[in-house]
Amino acid sequence: MTEVQVSEEVAEYTEVHRHPEPKSFIWKYIFSVDHKVIGIQYLMLAVAAVFVGMFLSLLVRLRLVWPEESIPLLGQLFPIGAPDGVMTPEFYLAMLTMHGTIMVFMVLTTAPQGGFGNYFLPIQIGAADMAFPRLNMLSFWSTFVSFMLLLAAFFVEGGAPWSGWTGYPPLSAVPEATVQGFGQDLWVASIAVFCIASLLGALNFIVTTLDLRAKGLTMFRMPLTCWTWFVTAILGLLAFGVLLAAGVLLLMDRNVGTSFFVPGGLVISDKQIDHSGGSPILWQHLFWFFGHPEVYIAILPGMGVTSHILSTFARKTVFGYKAMVYAVLAIGFLGFVVWGHHMFVSGMSPYSAFVFSILTMCIGVPSAIKTFNWIGTMWGGKIRFTSPMLFSIGFVSLFVTGGISGIFLGQPTIDLFFHDTYFVVAHFHLIMGVAAIFGMFAGLIFWFPKMFGRMMDERLNKIHFWMTFVGVYAIFGPMHYLGMMPHPRRYAEITSVDYLEAMGAADLHLFITAAAILTILAQFLFLFNLIKSIFKGKECRDPNPWEATTLEWTISSPPPHDNFAGKVPHVYRGAYDFSLPGTKRDFAMQCNNDEAVFGSRPASSGD
Amino acid sequence: MSEGHAAMAAEPTWQGGGTPLAVGHKKLGMWLFIVSDTLTFSALLVAYSFVRAANDWPTPFHFYPSIVFSTVMTLVLLTSSLTMVYAVSAAHHGARRKAVKWLWWTALCGLTFVVLHGYEWFHLMHDEGMYPWTNPYGTPGFGATFFTITGLHMFHVITGVAYLGIIAVRYRRGRYLPEDVEVAGLYWHFVDLVWMFVFPMIYLLSTSVD
Ligand code: HEM
Ligand SMILES: [Cu+2]
């Protein structure tokens, strides 16, 4: 084992026993138990998934503006879904369903937590690995199996399911309702496996955070990234178990003949369906009890990364660190009691709607606290406008825009109008889709030097940022207006709807599709930069190129197999000690003691 | 407060460099598993309540051959919790052979429960024609919820028996610690506890004692 020099930043450390690196390729890179390798595996899965999902969204956009046009290649790939290359409405729905499912589960749920969390949580808290490394490996490979099951749905007879990413019954529960059968089964199976993988992962994250922190690293000295990974794991632990139950029941409805979600008296194509006594509303309750926490599972890590990066590049401590922590906890808690706001139109007692609405509005309070604290963090700082910083500022912008439309939707009377229109599509894409992805861009560029020992091309990153930032607003901004027409979502074509024609929906759609194509092109620029930088980027020998404070910046890049090579630093202060008065540098790392920071003058800081 | 206590209080447990509340990884992990599994079972019981409220429930239902049989099953499972307590206590006192003996008794009780439950299932299906999708005594929702929920519980018991077997063998060989026995105990008591919700909700609320 190579001897590794302890960084001179580290004032004191604890010796722990070292972990030898596995030798063979398989144990090192495929069935690795190293959280860093697993983190990169998750990231690779997410990158693969995001490009598939993006391709599907392109098909969706093309179908909306050119419903009759033929795409010959598509005709060859999907002779039934797109005969002669012209997409059928059912095929449109299938693409839409798969787009949503892949993006929500395989991208937004895997990369922020399984990817970045796996890689950096143990390092930021001073641990050699996760608490259960083998379980960690199992989580990743189950996620992989789940992804394969989902992709397989494209290729079975009847093709991919059409019931939307929310899998609403009866469409999803009654095979007779759609010509395809097995694709939907694969969809449910994929979700069920995904639930198990996420549960195992969540358990691992919580135990790691509680049990493996370095000496001196109190909970309230943890970087906000760790806090958000921790709270995300708690949400996952509580939410995925319920979705798992719902998935099992749906599978039984489809294959065993039970009727949990299928009401009696259903007639499909003049045929009475042999089911009785179930309720589609039950699925909605179970799904959204998971679904609303899920949207926070997607966004919380992005919030953590944003807080972390804003502070680092504004050279200022996080404004209201504790308020940030309590806001995350409050959002996590409230996230479990608002699921009914997705069901205002499904039929619920006005009293329940009222309660759900009030609770939903309450989430605005911690969300606003976070927003103001982000602004407060930047206020008066010596801001360094690097590309991770730009993406973090972009995150704040998107979070505000998307959050405000959420407040509209949270009111039952207004939601009656907006439900199932493009307004909702705009809301959740800005806040969940794009904001979370901005968090990932920020994190990826920020941590890239640590993961690969090289820098990404900053100029390309900035071009990519501006194209994407303008692009996503050009795509989702007009959708608010479409929603006000009101333009229903999930319709394959609008040419026969005359009021939409009259209001110019077609032109807007054309504009959106053009913006989408440009934005998609910009993503290839990023992919190019990513791959090029991994192999040919400017080498970065400095372990701390951003002058950041947390523990990952004390070790070499990429880090050794057991992170701290058996010498775990002690922690003396909070994670965001920037520009302290009376110091030589404008930052103090967590492992610097007061003597290192202030010379001999004793002072206290941190929590 | 004694001096030992004072020293411990001075070292806050959430400080890092130690595990909070002195709970090790495995035990904490098991607790978390129990929390998430509780939510899975709760979701199923909510589904049960939904289906029950929406249908004409076939009550009183006799089960097979009668509710007395199911009560015996319940007693067997309860007994297994008691033997599990003995196993954990013996392990903590270092009485390895005794602990292993109690572990096997626990596994045996679990197995008996599975056999009795299987008997009940078999007759309900085979003799009386009640399946997840049909029920000669009324709404098929009854069969659906009954088999789904008791099935998932039975799956937990079977897994638990296997788990106890592994623990017993490895603990006897000295590869596992008393703590591992305790963690297995947590799981086993949890599975029992679930039954303590299933039995009243699915059985007792659907039957009459005469
Ligand atoms: C102040 C905060 C928020 C409020 C008040 C709010 C409110 C709502 C409401 C009422 C709906 C249902 C609209 C309908 O279907 O008619 C909705 C949909 C949605 N929201 Fe939010 N939201 C907020 C924040 C967020 C955040 C932070 C995320 C994700 C990170 C998010 C993701 C979603 C998604 C994915 C949907 C649509 C799901 C679907 O129908 O496919 N929301 N929101
Ligand atoms: Cu919601």
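These numbers come from a predicted model, not from an experiment.

A. Fine view of the overall build of chain B. When you go through chain B residue by residue, the secondary structure sums to six helices and zero strands. Ordered by position from the N terminus, the helices and strands of chain B form the series α-α-α-α-α-α. Based on the C-alpha atoms only, the size of chain B along its principal axes is roughly 70 × 35 × 30 Å. Put simply, chain B has 210 residues, and 49% of those count as buried. Restricting the contact set of chain B to residue pairs at least 6 apart, pairs at least 24 apart contribute 78%. Put simply, chain B shows about 10100 Å² of open surface, and 69% of that area lies on carbon and sulfur atoms. Between the averaged position of the 11 positive side-chain charges in chain B and that of its 12 negative side-chain charges there is a distance of 18 Å.

B. Representation of the overall build of chain A in the model. From N to C terminus, chain A includes 18 helices and eight strands. For 607 residues, the compact-globule formula gives about 25 Å, and the C-alpha radius of gyration of chain A, at 25 Å, lands near that figure. Once the C-alpha set of chain A is aligned to its principal axes, its extents read approximately 85 × 50 × 50 Å. Within chain A, the proportion of its 607 residues that are buried is 61%. Sequence-distant contacts, at least 24 apart, represent 78% of the contacts inside chain A between residues at least 6 apart.

C. Quick peek at the packing of aromatic side chains. Evaluation of the coordinates by the stated rule reveals 76 aromatic pairs over all chains. Relative to Trp466(A), the ring of Phe465(A) lies with its centre 4.9 Å away and its plane at 75°, an arrangement referred to as edge-to-face. Aromatic pair Phe146(B) and Tyr203(B): ring centres 5.7 Å apart, planes at 70°, arrangement edge-to-face. Taken together, the positions of Phe146(B) in helix α5 (residues 140–172) and Tyr203(B) in helix α6 (residues 178–203) put the pair 57 residues apart, joining distant regions of the chain.

D. Up close: the coordination of the iron atom of ligand 1. Residues and elements named next belong to chain A. For the iron atom of ligand 1, the protein supplies a single donor, His427 (NE2), at a distance of 2.1 Å. Here the iron atom of ligand 1 and the copper ion (ligand 2) are spaced 4.4 Å apart. Mapped onto the elements of the fold, histidine 427 is located in helix α14 (residues 422–452).

E. Main features of the interface of chain B and chain A. With 32 residues of chain B at the contact, the number on the chain A side is 35 residues. The interface formed by chain B and chain A includes zero salt bridges. Between chain B and chain A we count three residue pairs in polar contact (both at pLDDT 80 or more) in total. Counting residues per element, the ones that place at least two in the side of chain B that touches chain A are α2 (25–54) and α5 of chain B.

F. Examining the site of ligand 1 more closely. Residue and element names in this part refer to chain A. If you check the shell around ligand 1, you find 20 residues, and the closest are Trp165, Asp415, His419, His427 and Arg489. Here histidine 427 contributes a side-chain N or O atom positioned 2.9 Å from a nitrogen atom of ligand 1. Interatomic distance of 2.9 Å between a side-chain N/O atom of arginine 489 and an oxygen atom of ligand 1. The set of elements that each furnish at least two residues to the shell around ligand 1 consists of α9 (280–314), α12 (387–409) and α14. Here the element with the most residues in the shell around ligand 1 is α14; it accounts for five residues. In terms of residue class, the shell around ligand 1 is built from 11 nonpolar, seven polar and two charged.

G. Looking closely at helix α2 (residues 35–65) of chain A. For α2(A), which comprises 31 residues, the first-to-last C-alpha distance of 45 Å matches the rise-based estimate of 45 Å (1.5 Å per residue) to within 8%. Where α2(A) begins, one side-chain oxygen reaches toward the backbone nitrogen of Lys36(A), 2.8 Å away; that side chain belongs to Asp34(A).

H. Region of interest: the coordination of the copper ion (ligand 2). Residues and elements named next belong to chain A. His292 (ND1), His341 (NE2) and His342 (NE2) make up the full set of protein donors to the copper ion (ligand 2), lying at 1.9 to 2.0 Å. Each donor residue of the copper ion (ligand 2) lies on one chain, and together they are spaced H-x48-H-H. Residue class for histidine 292 comes out buried when judged on its relative accessible area of 6%. With relative accessibility at 21%, the residue histidine 342 sits in the partly exposed group.

I. Expanded view of unusual backbone geometry. Residue Pro170(A) is reached from Pro169(A) by a cis peptide bond, and omega for that bond is 0°. Summarising the element assignment, Pro170(A) is placed in the loop between α6 (133–152) and α7 (182–211). A cis amide bond links Thr59(B) with the next residue in sequence, Pro60(B), at an omega value of -10°. Looking at where Pro60(B) falls in the secondary structure, it is placed in the loop between α2 and α3 (67–92). Of note, the phi angle at Asp270(A) is positive, near 60°, even though the residue is not glycine. Structurally, Asp270(A) can be placed in the loop between β2 (267–268) and β3 (271–272). For Asp270(A), a relative accessible area of 79% gives the class exposed. The backbone of Arg315(A) sits at a positive phi, close to 50°, despite the residue not being glycine. For Arg315(A), the location among the structural elements is in the loop between α9 and α10 (321–334). You can call Arg315(A) buried: its relative accessible area is 2%.

J. Molecular detail of the environment of Asn592(A). All names here are of chain A. Along the chain, asparagine 592 turns up in the loop between β8 (587–588) and α18 (594–598). When the C-alpha atoms of asparagine 592 and isoleucine 331 are compared, they prove to be 33 Å apart, with 261 residues separating the residues in sequence. Among the polar contacts made by the side chain of asparagine 592, one reaches the main-chain amide nitrogen of methionine 589 at a distance of 2.7 Å.

K. A look at the pattern of salt bridges. Within the structure shown, the criterion is met by 16 salt bridges over all chains. Salt bridges sharing partners connect three or more residues here, namely Arg315(A), Arg384(A), Glu547(A) and Asp586(A).

L. Here's a closer look at the environment of Phe465(A). Secondary-structure assignment places Phe465(A) in helix α15 (residues 458–484). With sequence-adjacent residues up to four places away left out, Phe465(A) is seen in contact with Leu390(A), Phe391(A), Gly394(A) and Phe438(A).

M. Looking closely at the confidence of the model for chain B. Residues and elements named next belong to chain B. Of the residues in chain B, 92% reach a pLDDT of 70 or more, and the chain-wide mean stands at 90. Confidence drops under pLDDT 50 across residues 1–11; counting only partners more than four residues distant or on other chains, this segment forms one contact. On the interface metric, ipTM, the complex scores 0.92, and its pTM is 0.94.

N. Representation of the nonpolar core within the structure. Membership of the largest hydrophobic core comes to 255 residues, with the highest contact counts inside it found for Phe105(A), Trp227(A), Phe438(A), Trp447(A), Met479(A), Phe146(B) and Tyr203(B). With residues up to four places along the chain from it excluded, the contact list for Phe146(B) reads Phe63(B), Glu120(B), Trp121(B), Leu124(B), Met130(B), Gly151(B), Ile202(B) and Tyr203(B).

O. Summary view of the environment of Val145(A). Examined against the element boundaries, Val145(A) turns out to sit in helix α6. As for Val145(A) and Phe423(A), which are separated by 278 residues in sequence, their C-alpha atoms are 34 Å apart.

P. Region of interest: the packing of α10(A) against helix α11 (residues 350–378) of chain A. Residues and elements named next belong to chain A. Interhelical geometry of α10 versus α11 gives an angle of 155° and a closest axis separation of 9 Å. Classed by the angle they form, the pair α10 and α11 counts as roughly antiparallel. Where α10 crosses over α11, the handedness of that crossing is left-handed. Contact residues: α10 offers Ala323, Met324, Ala327, Val328, Ala330, Ile331 and Leu334, while α11 offers Cys362, Ile363, Pro366, Ser367, Ile369, Lys370, Asn373 and Trp374. Classifying every residue of the contact of α10 with α11 gives 12 nonpolar, two polar and one charged.

Q. Layout of the side chain of Thr145(B). Looking at the secondary structure, you find Thr145(B) in helix α5. Residue classification places Thr145(B) among the buried positions, given a relative accessible area of 2%. If we ignore the near neighbours within four places in the chain, the residues touching Thr145(B) are Phe260(A), Tyr48(B), Val51(B), Trp57(B), Thr150(B) and Ile202(B).

The rules behind these values
- Residues numbered from 1 in each chain as written.
- Chains lettered and ligands numbered in written order.
- Predicted model: local features only at pLDDT ≥ 70, side-chain atom pairs only at ≥ 80, totals over all residues.
- Heavy atoms only, no water.
- Helix = DSSP H or I, 4+ residues; strand = E, 2+ residues; numbered from the N terminus.
- Buried < 20%, exposed > 50% of the residue type's maximum accessible area, 1.4 Å probe, protein only.
- Contact = heavy atoms within 4.5 Å.
- Areas by Shrake-Rupley, 256 points an atom, 1.4 Å probe, with all protein chains shown as cover.
- Lys, Arg positive; Asp, Glu negative; His and termini not counted.
- Charge placed at Lys NZ, Arg CZ, Asp CG, Glu CD.
- Rg over C-alpha atoms; globule rule 2.2 N^0.38 Å.
- Phe/Tyr/Trp six-rings, centres within 6.5 Å; stacked < 30°, edge-to-face > 60°.
- Donors = N, O, S within 2.8 Å, 3.2 Å for Na, K, Ca; no water.
- Salt bridge = Lys/Arg side-chain N within 4 Å of Asp/Glu carboxyl O.
- Polar contact = N/O pair within 3.5 Å; in protein donor to acceptor, adjacent residues only side chain to side chain.
- Near = heavy atom within 4 Å.
- Nonpolar A, V, L, I, M, F, W, Y, C, P; charged D, E, K, R; others polar.
- Expected span 1.5 Å × (residues − 1).
- pLDDT = per-residue confidence, 0-100.
- Core = buried A, V, L, I, M, F, W, Y, C linked by side-chain atoms within 4.5 Å.
- Axes fitted to C-alpha atoms, helices over the stretch in contact; angles between N-to-C directions.
- Parallel < 35°, antiparallel > 145°, perpendicular 65-115°, else oblique.
- Left-handed = near helix turned anticlockwise from the far one by under 90°.

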